[in-house]
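Chains, contacts and geometry: an overview
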Amino acid sequence: MRIDTHSHHKKAGENLAFVFFMNLAFNIIVIAGGLATNSMAILADCIHDFADTISIALAWALERVSQKDSTHNYSYGYQRFSILGAVIISVFVIIMAFVILSEAIPKLFAPEGVDAEGMLVIAIIGIIFKSISVYRLHKGETFNEKAILFHQLGDVFEWVAILILSVVLIFWDGAPYLDPFVSIGIAIWLIFNLGRNLYKSLEVLLQKTPDNFDVDEFKHQILAIDGVNSLDDVHIWSLDGIDSVMTVKVDVDFKKDIENIKKEIYDVSIKYHVVDITIEIL
């Protein structure tokens, strides 16, 4: 039995479209601000934010593809394109974080003066733009949205840090090394969190049993159905980190109502976000 469900991917597409246009507008501000203030933290964010926009555009495109119905070539549909987007985005942002590290670390030993007042203004604008994006994504269910959410959260922390840094530099111009230090901290935060998201995304692609699927409890509930004798070859994997697919062989008492047994198995499976169920009666 196949249950068609694209609602979370449709919502994800709308969220990512909104965040994409927010970032596109903010790119212009960051580029101008970085050149005007000579801030390493902001100049690093020029690269960072450009990567943001590209990755969000890719996430949005793949999320739209994931909403397509199944075809002969993609019999399970296109939902896995969403998780593919999460993998690509996570790898891309991790690489960009290492680029930021390569630029910021040398600046620790040769810090340059910055325009602290200009940094303060840009930081306030950055916090506003990025906080709006985080709010739009914070209830997202797909790994695609989560990858972008972590990235946007990193941006919020970065701009808060730059805000604090700019205030410090206004009153203490003898600490320019703090500017690259902030960039290094944010880059490490991104590598850690996007690394975790990448790991989870790869688990889905490798068809690992979903984390929210308690196989023993599931088997217990199915075996409790009147007429079910035993289960064999229970296989569960996820299409996109949310919806799952299951195949199972069920040994039943043929004196019982077979169709009712199937219905009860379907009812239990749906609670586990299983949208495609294949049952072989033995």
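Residues numbered from 1 in each chain as written. Predicted model: local features only at pLDDT ≥ 70, side-chain atom pairs only at ≥ 80, totals over all residues. Heavy atoms only, no water.

Some thoughts on the overall build of the protein
If you tally the helices and strands in the protein, you get 8 helices and 3 strands. Reading the helices (α) and strands (β) of the protein from amino to carboxyl end gives α-α-α-α-α-α-α-β-β-α-β. By the burial criterion, 48% of the 282 residues in the protein qualify as buried. Just so you have it, the protein exposes about 13500 Å², and 64% of that area is on carbon and sulfur atoms. (Helix = DSSP H or I, 4+ residues; strand = E, 2+ residues; numbered from the N terminus. Buried < 20%, exposed > 50% of the residue type's maximum accessible area, 1.4 Å probe, protein only. Areas by Shrake-Rupley, 256 points an atom, 1.4 Å probe, with all protein chains shown as cover.)

As for the packing of helix α7 (residues 215–223) against helix α8 (residues 258–270)
Following both chains from N to C, one finds α7 and α8 inclined at 155°, their axes separated by 10 Å at the closest point. On the basis of the axis angle, α7 is roughly antiparallel to α8. Crossing angle aside, the handedness with which α7 passes α8 is right-handed. Each of Phe218, Gln221 and Ile222 in α7 lies in contact with α8, whose residues at this interface are Ile265, Val268 and Ser269. (Axes fitted to C-alpha atoms, helices over the stretch in contact; angles between N-to-C directions. Parallel < 35°, antiparallel > 145°, perpendicular 65-115°, else oblique. Left-handed = near helix turned anticlockwise from the far one by under 90°. Contact = heavy atoms within 4.5 Å.)

Topic: the packing of aromatic side chains
For any two aromatic rings, the description comes down to two numbers: the centre-to-centre distance and the angle of the planes. For the structure shown, the criterion picks out 3 aromatic pairs. Ring plane angle 80° and centroid distance 5.6 Å describe the contact between Phe26 and Trp159, whose orientation is recorded as edge-to-face. Pair noted here: Phe26 is in helix α1 (residues 7–37) and Trp159 is in helix α5 (residues 143–171), with a separation of 133 residues, a long-range link. Residues Phe26 and Trp159 agree in their burial class; the two are buried. Through pairs of rings, three or more aromatic residues link up here, namely Phe26, Phe129 and Trp159. Seen from the ring of Phe18, Arg136 lies directly overhead, with NZ or CZ sitting 4.7 Å from the centre. (Phe/Tyr/Trp six-rings, centres within 6.5 Å; stacked < 30°, edge-to-face > 60°. Lys NZ or Arg CZ within 6 Å of the ring centre and 35° of its normal.)

Some details on the environment of Glu264
Tracing the backbone shows Glu264 in helix α8. When its relative accessible area of 29% is taken as the criterion, Glu264 is described as partly exposed. Measuring from C-alpha to C-alpha, the distance between Glu264 and Ile225 comes to 7.3 Å, with 39 residues separating the pair along the chain.

Topic: the sheet that holds strand β3 (residues 274–281)
Spatial ordering of the open sheet is given by β1-β2-β3, a layout of 3 strands whose pairing is mixed. Each edge of the open sheet is held by one strand with a lone partner, namely β1 (228–238) and β3. Going from strand to strand, the sheet's axes swing by 20° on average, the running direction of each strand aside. Pairing geometry for strand β2 (residues 244–252) and β3, over 7 bridges, is parallel. (Pairing = 2+ DSSP bridges.)

Observations concerning the side chain of Lys130
Looking at the secondary structure, you find Lys130 in helix α4 (residues 116–137). A relative accessible area of 1% places Lys130 in the buried class. Within the local environment of Lys130, its side chain forms a polar contact with the side chain of Asn23, the two groups lying 2.6 Å apart. (Polar contact = N/O pair within 3.5 Å; in protein donor to acceptor, adjacent residues only side chain to side chain.)

Here we look at the nonpolar core
Among the nonpolar cores identified, the biggest contains 37 residues, and Leu137, Ile148, Trp159, Ile162, Leu190 and Leu194 are the most heavily contacted of them. Elements with a contribution of two residues or more to this core: α1, α3 (80–109), α4, α5 and α6 (178–205). By size, the runner-up hydrophobic cluster in this structure holds 20 residues, among which are Met246, Val250, Ile258 and Ile265. (Core = buried A, V, L, I, M, F, W, Y, C linked by side-chain atoms within 4.5 Å.)

Notes on unusual backbone geometry
Although it is not a glycine, Gln207 adopts a positive phi angle of roughly 65°. Along the chain, the position of Gln207 falls in the loop between α6 and α7. Even without being a glycine, Asp233 presents a positive backbone phi close to 50°. Topologically, Asp233 is positioned in strand β1.

Some thoughts on the confidence of the model for the protein
Per-residue confidence for the protein gives a mean pLDDT of 77, with 82% of residues at or over 70. This stretch, residues 1–6, has a pLDDT under 50; its non-local contacts, to residues over four places away or in other chains, come to 21 contacts. (pLDDT = per-residue confidence, 0-100.)

A look at α8
Helix length check: α8, at 13 residues, gives a terminal C-alpha distance of 19 Å against a target of 18 Å (1.5 Å per residue), a fit within 8%. Next to the buried residues of α8 lie α7, β1, β2 and β3. Sitting at the head of α8, Asp257 places a side-chain oxygen 3.1 Å from the backbone nitrogen of Glu259. (Expected span 1.5 Å × (residues − 1).)

Describing the environment of Gln221
One can find Gln221 in helix α7. The sequence separation of Gln221 and Ser269 amounts to 48 residues, and the corresponding C-alpha distance is 9.7 Å. Apart from the residues within four sequence positions on either side, Gln221 is in contact with Val268 and Tyr272.

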